[in-house]
Amino acid sequence: MTRYRPTVVEIDLDAVRHNVGLIKPEEAELMAVVKADGYGHGAVPVARATLEGGASRLGVALVEEGLALREAGIAAPILVMTECPPGSEKEALEAGLTPSVYSHGGLEGLAEAAHAAARPVAVHLKLDTGMHRVGLWPPEDAAVFARRILDAGLELEGVWTHFADSERDDEGTLRQLASFRSAVDALTAAGVRPGLLHAANSGATIRLPETRLDLVRPGAAVYGLDPGEGLAERSGLRPALAWLSAVAMVKRLPAGERLSYGGRYELGRASTVATVPVGYDDGYPRTAEGAEVLIGGARRPVAGTITMDQILVDCGDADVTPGDEVVLIGAQGDERITADELADRAGTIARAIATGIGTRVPREYVSTEGSG
Ligand SMILES: *Cc1c(COP(=O)(O)O)cnc(C)c1O
């Protein structure tokens, strides 16, 4: 479809390749987490870039996400990180997705489908070591449950867990790791080979080498999104996503004029106000009052209520013309606005900004290296 509106997300796949190369441990495999449409970056192109960058596996949250990768011709191993919902098992197995299991009901449904498929099916057993979202609880049940997996005719390819606060809490993370290790030890002592052990999300991969085990499972870091605590910048990760638009209209307004719905922003002096065609439908957070954008290489405040399709920017006395580039996330001149900065303004996290960018905003793929 022809694109008339200048609002676009640009994804730098070289940054994705760079980030994967940067965080992949020498001694462990890397499973790139590409759930939620690759954190809003576009799952298929991003998945390909991660595999080129050194990832050997992909992780998704939904069977549907795994199927979409297969439909695009991606052949790498894909772990579905939640159990296959009842009814989805057959299709998941036909597509060669690797299921996670952690409940008796989930195991039963999967075993039935595997039996019908009459071919070996490998699964990963997920243990809950303290986050209490999904996973087998208590983790001490791992040995018995793993035996059930084998008795059901399935192969155990991996055992894994997930950390609740690896960006900040070393002690809690290491406690989860210890609980994971002792469950795996018990399982091994019971004569079951656990296969690949994995636990580390971005924060743990970057900060806690002892959590890397056989395989790391980063998401945010792959995209150069801050996992938390400024880790992305400190570790040399490059943001893959830039969010751009252009000035649609410019008005010179006198002091005292009020802007946007509710008139909640009053001009304290005569000012040049630019309208930019992006709004909360596009995922520009309605709560991001006080956010800034870049126009002409300078930071300019978003002024007044963020509307569904448009925002207003107070440009002071700057010389601004329709068509001027507006950077919502990314660099312009010497300035940069990160997804994390916008997230801070909106009271959320960088991941939620990236995944929240609406389907109305086209994703374009660019290459920054070797492009002259
Ligand atoms: C989302 C997710 C990840 C990746 O998390 P980041 O903090 O973005 O690196 C890893 N494992 C599981 C189970 C997840 O749900």
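This text goes with the structure placed above it.
Structure report, in brief. (Residues numbered from 1 in each chain as written. Predicted model: local features only at pLDDT ≥ 70, side-chain atom pairs only at ≥ 80, totals over all residues. Heavy atoms only, no water.)

So, about the nonpolar core. Ranked by size, the top nonpolar core spans 104 residues in total, and within it Leu125, Trp243, Tyr284 and Ile311 carry the most contacts. Both domains that meet at this core, namely domain 1 (13-223) and domain 2 (241-366), each give it at least three residues. Counting six residues, the second largest nonpolar core, distinct from the first, contains Val8, Leu244, Leu294 and Ile337. (Core = buried A, V, L, I, M, F, W, Y, C linked by side-chain atoms within 4.5 Å. Buried < 20%, exposed > 50% of the residue type's maximum accessible area, 1.4 Å probe, protein only. Domains from an automatic or database assignment.)

For the rest of this paragraph, the subject is the pattern of salt bridges. Tallying each qualifying case throughout the model produces 25 salt bridges. A salt bridge links aspartate 14 to arginine 17; the nearest nitrogen and oxygen atoms lie 2.9 Å apart. Pair noted here: aspartate 14 and arginine 17 are both in helix H1 (residues 13-23), with a separation of three residues, about one helical turn. Judged by relative accessible area, which is 6%, aspartate 14 ranks as buried. Since its relative accessible area comes to 27%, arginine 17 is described here as partly exposed. Here arginine 168 makes a salt bridge to glutamate 167, at a shortest N to O gap of 3.7 Å. Take arginine 168: its relative accessible area is 45%, and that puts it in the partly exposed class. (Salt bridge = Lys/Arg side-chain N within 4 Å of Asp/Glu carboxyl O. Helix = DSSP H or I, 4+ residues; strand = E, 2+ residues; numbered from the N terminus.)

With that settled, consider unusual backbone geometry. With omega at -5°, the peptide bond leading from tryptophan 137 into proline 138 counts as cis. Mapped onto the secondary structure, proline 138 falls in the loop between strand E6 (122-126) and helix H7 (142-151). The backbone of tyrosine 39 shows a phi angle near 50°, a positive value even though the residue is not glycine. Among the secondary structure elements, tyrosine 39 is positioned in helix H2 (residues 35-39). Its identity is not glycine, yet serine 260 carries a phi of approximately 65°, on the positive side. By the element assignment, serine 260 lies in the loop between strand E12 (258-259) and strand E13 (265-266). Judged by relative accessible area, serine 260 falls into the partly exposed class, the value being 24%.

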